[in-house]
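Each chain, letter by letter, is given below.
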Amino acid sequence: MSISEKSFKKAKNQSAFLFIILFCLLFFVSIFMVIYGDKIYSLKTVFKVLLNDEVKGATFAITRIRIPRMIVGIFSGFSFGIAGAVFQGILKNPLASPDVIGVSSGTSAAAVVSILILNLSGIQVYIIGIIFGILIACFILYLSTINGFSGNRLVLIGIGIQAFMSALISFFIQKSNEYQVVNALRWLSGSLNGVQMSSALILVCVCFVCTFFIVALTGYLNNLSLNDEIAISLGINVNFLRYILIMISVILIAVTTSITGPIASVSFLSAPIIKRILKNSNTNLINSGLMGALIVCFSDVLGQNLFMVRYPVGLITGFIGAPYLLYLLLKTGNGRKV
């Protein structure tokens, strides 16, 4: 066996071992989310409810509140994590996550207008947010391809669009009444509160479909993340593949954001953490998704149980991600490539 084959096998074994660890951690955190809350239920009670036994006081709390919250926490985190890994792999830039380049803020702006101006709620807000998020992503992508595609240009344009959308959101909030603003701010904070099983099922289906296509293109993504010239020499249509991967990721992010709101930092934290653990430059999609799910679920547990006041998950993930973002900016300021 050659050295390269040994290195590949070692990296594969490390990735599989990390997958098992992340899966187990996520499983235990998920169980904690179901059994712990205002009232603590035993695992026996949870199993009874799952087997359709009516348990007074527990059935409603577990089936209508805690299980949908757990499912949305897992799959929203997974979606943010895997989409962030795709963006960073394609653009070769750890700042190139959907919540930094304007995709999430586009969905957020549409949702805020729907809530504050059009007085909509539920599935209507989801649909408008998804459509507008995709349109904003297409606009950003179009501007970045003028005179040839540039990843750095896409990031800069995205940051500009994000700033504009944030200003737009602030404007509409200032012009709206107090009751409407409370609903909008609750959504903008990135929260798992009030999620329903119907929304959870939509998210699960979209996550599975998009993840299937992304994973199927993993080999091409790894080539793109190294060098465009290498990919072209292998006969890969780089631009077409880049657009396909970006649009699949955008759909995934738009659907997720329309349900949970913009959960900060998960997209650009997950993949770099995995790469540092594995010491591997390849894009590790599934582990990045699991890391994203673990970050969201663990942050939600902290936000709901650690403090005297319950905080939305987006606030906790924002506190976690802010130091890392500052670290990246300091690296750039010191002349190191990011």
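Above this text you will find the structure in question.
Residues numbered from 1 in each chain as written. Predicted model: local features only at pLDDT ≥ 70, side-chain atom pairs only at ≥ 80, totals over all residues. Heavy atoms only, no water.

## Remarks on the overall build of the protein chain
Looking only at helices and strands, one finds 14 helices and 0 strands in the protein chain. N-terminal to C-terminal, the α/β element order of the protein chain is α-α-α-α-α-α-α-α-α-α-α-α-α-α. Based on the C-alpha atoms only, the size of the protein chain along its principal axes is roughly 65 × 55 × 35 Å. For the protein chain, with 338 residues in total, the buried portion stands at 51%. Counting only contacts in the protein chain whose residues sit at least 6 apart along the sequence, the fraction spanning at least 24 positions is 75%. With an accessible surface of roughly 16900 Å², the protein chain has 68% of that area assigned to carbon and sulfur atoms. (Helix = DSSP H or I, 4+ residues; strand = E, 2+ residues; numbered from the N terminus. Buried < 20%, exposed > 50% of the residue type's maximum accessible area, 1.4 Å probe, protein only. Contact = heavy atoms within 4.5 Å. Areas by Shrake-Rupley, 256 points an atom, 1.4 Å probe, with all protein chains shown as cover.)

## Notes on a nonpolar patch on the surface
A surface patch of nonpolar side chains, amounting to about 660 Å² of accessible area, comprises Phe19, Ile20, Phe23, Phe27, Phe28, Val215 and Ile286. By residue number, the principal contributor to the nonpolar patch is helix α1 (residues 3–35), which donates 5 residues. Mapped onto the secondary structure, Val215 falls in helix α8 (residues 197–216). With relative accessibility at 35%, the residue Val215 sits in the partly exposed group. (Patch = residues over 30% accessible without salt bridge, like charges linked within 9 Å, V, L, I, M, F, W, Y side chains within 5 Å. Salt bridge = Lys/Arg side-chain N within 4 Å of Asp/Glu carboxyl O.)

## Some details on the pattern of salt bridges
Considering all chains together, one arrives at 2 salt bridges under this definition. Salt-bridge contacts for Arg310 lead to Asp38; the nearest nitrogen and oxygen are separated by 2.3 Å. Linking Arg310 in the loop between α13 (285–305) and α14 (313–333) with Asp38 in the loop between α1 and α2 (43–50), this pair joins segments that are 272 residues apart in sequence. Judged by relative accessible area, Asp38 falls into the exposed class, the value being 71%. A salt bridge links Asp300 to Arg69; the nearest nitrogen and oxygen atoms lie 2.8 Å apart. Taken together, the positions of Asp300 in helix α13 and Arg69 in helix α3 (residues 59–91) put the pair 231 residues apart, joining distant regions of the chain. Arg69 shares its class with Asp300; the two are buried.

## Description of the environment of Thr257
The topology assignment puts Thr257 in helix α11 (residues 238–260). You can call Thr257 buried: its relative accessible area is 0%. For the pair Thr257 and Gln162, spaced 95 residues apart in the sequence, the C-alpha separation amounts to 14 Å. With residues up to four places along the chain from it excluded, the contact list for Thr257 reads Phe80, Ser104, Thr107, Ser108, Trp187 and Pro262.

These figures come from the coordinates and say nothing about function on their own.
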